[in-house]
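Fold and contact review
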Amino acid sequence: NAGVTQTPKFRVLKTGQSMTLLCAQDMNHEYMYWYRQDPGMGLRLIHYSVGEGTTAKGEVPDGYNVSRLKKQNFLLGLESAAPSQTSVYFCASSVRGQGNQPQHFGDGTRLSIL
Amino acid sequence: GQQVMQIPQYQHVQEGEDFTTYCNSSTTLSNIQWYKQRPGGHPVFLIQLVKSGEVKKQKRLTFQFGEAKKNSSLHITATQTTDVGTYFCAGPKPGYSTLTFGKGTMLLVSP
């Protein structure tokens, strides 16, 4: 009963490097989300998807790109990492959106940019 | 834009004391959700409130939704060390398929 799985769990990058964070869910959820969590800032939405092949910007999208080629996967890309992107990244999914369904979160990816 | 605010930001209690966190939205909400995040963990959904004035209980936790559907509270009776964590409220962002999370209240319980 995996739920939402994020890989990798930890990563250290140098400024300017690129990487992709993978989120996979096995609950057949339509909606998926990427958040970042920084001390004292709560959860801030980066991008989200309301279905396969769709993506939309959230509150803090700059410096990130996403893709949802398959319903179960939601990828978050950093093209040129910056120290300001050091954070904990959480992926979440829900049955539907409109903010009336619980979101199920993965364990997170702890990313440090040097 | 919509704002969801929580107070206090942090509270430290002795085991056995009660604890309350408050959530206030700048807009009327169709529902409000509460999540708990243990230290080093991920947010876990606790409950959803939908009706004006609704009160729900989960063992020692009592959740309330305000009459105007703009505020909510979470009360824990007789805290235990297992209650340690950050409690977030979240409400639907109007016109979007997303939630706006409050910044959370961090609860520390000393034995």
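Throughout what follows, the structure given in this document is the object of discussion. All values derive from a computational prediction rather than experimental measurement.

Details of the pairing of strand β8 (residues 73-78) of chain A
Put simply, side chains in a regular strand alternate between the two faces of the sheet. All names here are of chain A. Inspection of the sheet shows strand β3 (residues 19-25) paired to β8 by six bridges, in the antiparallel sense. Residue T20 lies in a different strand from β8, and its bridge partner there is G77. Of the strand pairs in this sheet, strand β7 (residues 64-67) and β8 are connected by four bridges, and their pairing is antiparallel. Each residue of the ladder has a partner; that of V66, found in β8, is L76.

Here we look at the packing of aromatic side chains
Between two aromatic rings, the relevant description is the distance of the centres plus the angle of the planes. Scanning the model with the defined rule gives 13 aromatic pairs over all chains in all. For the pair A:Y33 and A:Y48, a centre-to-centre distance of 6.4 Å together with 25° between the ring planes defines the contact as stacked. Here the residue A:Y33 occupies a position in strand β4 (residues 31-38), and A:Y48 occupies one in strand β5 (residues 42-49), the gap between them amounting to 15 residues. One exposure class covers both A:Y33 and A:Y48, and it is buried. Ring geometry for A:Y35 versus B:F101: centroids 5.5 Å apart, planes at 85°, classification edge-to-face. Of the two residues, A:Y35 sits in strand β4 while B:F101 sits in strand β10 (residues 99-101), which places them in two different chains. You can call A:Y35 buried: its relative accessible area is 1%. Accessibility expressed as a relative area gives 8% for B:F101, which makes it buried. An aromatic cluster is defined as three or more aromatic residues linked by ring pairs; in this entry it consists of A:Y33, A:Y35, A:Y48, A:F90, A:F105, B:Y35, B:F45, B:F88 and B:F101.

Focus: the interface of chain B and chain A
When the parts of a complex come together, some accessible area is lost, and that lost area is often used as the size of the interface. Listed per partner, the contact involves 19 residues of chain B and 23 residues of chain A. Taking both sides of the interface into account, the surface hidden between chain B and chain A amounts to around 1,700 Å²; carbon and sulfur atoms contribute 55%. Here chain B is connected to chain A by zero salt bridges. Between chain B and chain A we count seven residue pairs in polar contact (both at pLDDT 80 or more) in total. Top element by residues in the side of chain B that touches chain A is strand β4 (residues 32-37) of chain B. It accounts for three residues. A class-by-class count of the residues in the side of chain B that touches chain A yields eight nonpolar, ten polar and one charged.

Focus: a nonpolar patch on the surface
A contiguous nonpolar patch, built from B:Y10, B:M106 and B:L108 and spanning about 280 Å² of accessible area, is present on the exposed surface. Relative to the assigned elements, B:M106 resides in strand β11 (residues 105-110).

Observations concerning the state of the cysteines
As enumerated under the stated definition, the model contains two disulfides over all chains in all. Between the sulfur atoms of A:C23 and its disulfide partner A:C91 the distance amounts to 1.9 Å. In this structure, the disulfide formed by A:C23 and A:C91 twists by about -75° around the S-S bond and is classed as left-handed. Here A:C91 lies in strand β9 (residues 87-94) and A:C23 lies in strand β3, a separation of 68 residues in the sequence. Covalent S-S linkage joins B:C23 and B:C89, the inter-sulfur distance amounting to 2.0 Å. Across the S-S bond of B:C23 and B:C89 the torsion is about 80°, and the bridge reads as right-handed. Of this pair, B:C23 sits in strand β3 (residues 19-25) while B:C89 sits in strand β9 (residues 85-92), placing them 66 residues apart in sequence. Accessibility assignment for this pair places B:C23 and B:C89 in one class, buried.

Calculation rules
- Residues numbered from 1 in each chain as written.
- Chains lettered and ligands numbered in written order.
- Predicted model: local features only at pLDDT ≥ 70, side-chain atom pairs only at ≥ 80, totals over all residues.
- Heavy atoms only, no water.
- Pairing = 2+ DSSP bridges.
- Helix = DSSP H or I, 4+ residues; strand = E, 2+ residues; numbered from the N terminus.
- Phe/Tyr/Trp six-rings, centres within 6.5 Å; stacked < 30°, edge-to-face > 60°.
- Buried < 20%, exposed > 50% of the residue type's maximum accessible area, 1.4 Å probe, protein only.
- Contact = heavy atoms within 4.5 Å.
- Buried area = accessible area lost by both parts, 1.4 Å probe.
- Salt bridge = Lys/Arg side-chain N within 4 Å of Asp/Glu carboxyl O.
- Polar contact = N/O pair within 3.5 Å; in protein donor to acceptor, adjacent residues only side chain to side chain.
- Nonpolar A, V, L, I, M, F, W, Y, C, P; charged D, E, K, R; others polar.
- Patch = residues over 30% accessible without salt bridge, like charges linked within 9 Å, V, L, I, M, F, W, Y side chains within 5 Å.
- Areas by Shrake-Rupley, 256 points an atom, 1.4 Å probe, with all protein chains shown as cover.
- Disulfide = S-S within 2.5 Å.

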